[in-house]
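Descriptive structure summary
Letter by letter, the chains look like this.
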Amino acid sequence: MSVSSRNLFTLARSLSTSTDEATLRAAISRAYYAAYHRCLDWERQLPRRGSDTGVHGVHACLISRLESPHRHCSPLQAQRSKAIGKQLREQRDRRTFADYSIHRHLPRQFVSAQLTSTADLLKQCDQSNGLPRSGKSRTR
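Moving on, we come to the overall build of the protein chain. Helix and strand counts for the protein chain stand at five helices and zero strands. Seen in sequence order, the protein chain has helices and strands lined up from the N terminus as α-α-α-α-α. When its C-alpha atoms are laid out on the principal axes, the protein chain stretches across 50 × 30 × 30 Å. Across the protein chain, the fraction of contacts at a sequence separation of at least 24, relative to all contacts at a separation of at least 6, is 68%.

Structural data, given as structure tokens:
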């Protein structure tokens, strides 16, 4: 059995109704992973991957590639890629806080910000999936 980004986001929304801080931290994390996997899928519709600017880690690489789109992307694709990358970076920062700063209080607004941002990002990816590709062949 497999799951989708939407399944992860549905779980995150469900977890966000809790008053338990550990569960709220899990909601932030699940929302981030919904966004991460959707962005990974979205990137595949681009004519070519962007540059990862030498960063390490699969999450940092994806964000870097989105923020530095390939020159074969149309101006609209490049603009959306940069915006999506920036939003994913902000979500990763909240997820990192939720997962690793466990001895610090989790501001409730982090949960709502994460859910709102994820919903927006999923919508952006869905709306721009049909962007025209350039005539160039796609290489990785």
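Continuing now.
What follows is about the environment of glutamate 90. One can find glutamate 90 in helix α4 (residues 75–100). Through-space distance from the C-alpha of glutamate 90 to that of aspartate 52 is 17 Å; in sequence the pair is 38 residues apart.

Attention now goes to the pattern of salt bridges. It is possible for side chains bearing opposite charge to pair when their charged atoms get close. For the structure shown, the criterion picks out nine salt bridges. Linking glutamate 67 and arginine 89 is a salt bridge whose minimum nitrogen-to-oxygen distance equals 2.6 Å. Of this pair, glutamate 67 sits in helix α3 (residues 58–67) while arginine 89 sits in helix α4; the two residues are 22 residues apart in sequence, bridging distant segments of the chain. The class for glutamate 67 is partly exposed, based on a relative accessible area of 24%.

The next subject is α3. The buried fraction of α3 amounts to eight of the ten residues, a majority that puts the element mostly inside the structure. For α3, the complete set of buried residues consists of His59, Ala60, Cys61, Leu62, Ile63, Ser64, Arg65 and Leu66. On its buried face, α3 is in contact with α2 (21–43) and α4.

With that out of the way, let us pick up the packing of aromatic side chains. The final tally for this structure, using the stated rule, is three aromatic pairs. An angle of 75° between the planes, with centres 5.1 Å apart, marks the rings of tyrosine 32 and tyrosine 33 as edge-to-face. Note on phenylalanine 97 and phenylalanine 110: the rings are 5.3 Å apart at their centroids and 65° apart in plane angle, and the pair reads as edge-to-face. Of this pair, phenylalanine 97 sits in helix α4 while phenylalanine 110 sits in helix α5 (residues 108–127), placing them 13 residues apart in sequence. Aromatic rings pair up to connect Tyr32, Tyr33 and Tyr36 into one cluster.

Here we come to the environment of histidine 70. Mapped onto the elements, histidine 70 comes out in the loop between α3 and α4. Residue classification places histidine 70 among the partly exposed residues on the basis of a relative accessible area of 21%. Excluding anything up to four places from it in sequence, histidine 70 contacts Arg48, Arg49 and Gly50. Reaching out from histidine 70, the side chain makes a polar contact with the backbone nitrogen of histidine 72 at a distance of 3.0 Å.

Quick look at the packing of helix α1 (residues 5–15) against α2 now. As a packed pair, α1 and α2 sit with axes 8 Å apart at the nearest point and diverge in direction by 160°. With respect to α2, the axis of α1 lies roughly antiparallel. Where α1 crosses over α2, the two elements pack in a sense that is left-handed. Contact with α1, carried on its side by Ser5, Leu8, Phe9, Leu11, Ala12 and Leu15, involves Thr23, Leu24, Ala26, Ala27, Arg30, Ala31, Tyr33, Ala34, His37 and Arg38 of α2 and no other residues of that element. Looking at side-chain class alone, the contact of α1 with α2 contains eleven nonpolar, three polar and two charged residues.

Analysis parameters
- Residues numbered from 1 in each chain as written.
- Predicted model: local features only at pLDDT ≥ 70, side-chain atom pairs only at ≥ 80, totals over all residues.
- Heavy atoms only, no water.
- Helix = DSSP H or I, 4+ residues; strand = E, 2+ residues; numbered from the N terminus.
- Contact = heavy atoms within 4.5 Å.
- Salt bridge = Lys/Arg side-chain N within 4 Å of Asp/Glu carboxyl O.
- Buried < 20%, exposed > 50% of the residue type's maximum accessible area, 1.4 Å probe, protein only.
- Phe/Tyr/Trp six-rings, centres within 6.5 Å; stacked < 30°, edge-to-face > 60°.
- Polar contact = N/O pair within 3.5 Å; in protein donor to acceptor, adjacent residues only side chain to side chain.
- Axes fitted to C-alpha atoms, helices over the stretch in contact; angles between N-to-C directions.
- Parallel < 35°, antiparallel > 145°, perpendicular 65-115°, else oblique.
- Left-handed = near helix turned anticlockwise from the far one by under 90°.
- Nonpolar A, V, L, I, M, F, W, Y, C, P; charged D, E, K, R; others polar.

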